[in-house]
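Take a look at the letters that make up each chain.
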Amino acid sequence: MEQRTLLNEAQLGILRLLGRMKTVEQVNELRQVISNYYAQKATEEMDRLWENGEWSEEKNEGVLKEHLRTPYNYAR
């Protein structure tokens, strides 16, 4: 009988890697490596947006002034 999973190959690979780790410190180090990877990707994408003129100082200022909170309507 074939076993099915909802995880993709990348997710299964990470689980296999975690299965080889012996300490919480090793898991934390891997977490930091993954965080650094995504931070680098975000930086590269922002650099690309700046270089292509799709992002600017004006957009930065607009984001800083943007109000993103959800208004709550309380029933009385």
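Read on for a plain summary of the structure. (Residues numbered from 1 in each chain as written. Predicted model: local features only at pLDDT ≥ 70, side-chain atom pairs only at ≥ 80, totals over all residues. Heavy atoms only, no water.)

**Overview of the pattern of salt bridges**
One pass over the full model with this rule turns up four salt bridges. With a closest N to O distance of 3.7 Å, Glu 44 and Lys 41 form a salt bridge. In this pair, Glu 44 and Lys 41 are both assigned in helix H2 (residues 24-51), three residues apart and thus about one turn of the helix distant. Residue Glu 44 is classed as partly exposed on the basis of its relative accessible area of 37%. Of the charged contacts in the structure, one is a salt bridge between Arg 48 and Glu 54, with a shortest N-O distance of 3.4 Å. Look at Arg 48 and you get partly exposed, because its relative accessible area is 34%. Linked by salt bridges that have partners in common, Glu 45, Arg 48 and Glu 54 make up one network. (Salt bridge = Lys/Arg side-chain N within 4 Å of Asp/Glu carboxyl O. Helix = DSSP H or I, 4+ residues; strand = E, 2+ residues; numbered from the N terminus. Buried < 20%, exposed > 50% of the residue type's maximum accessible area, 1.4 Å probe, protein only.)

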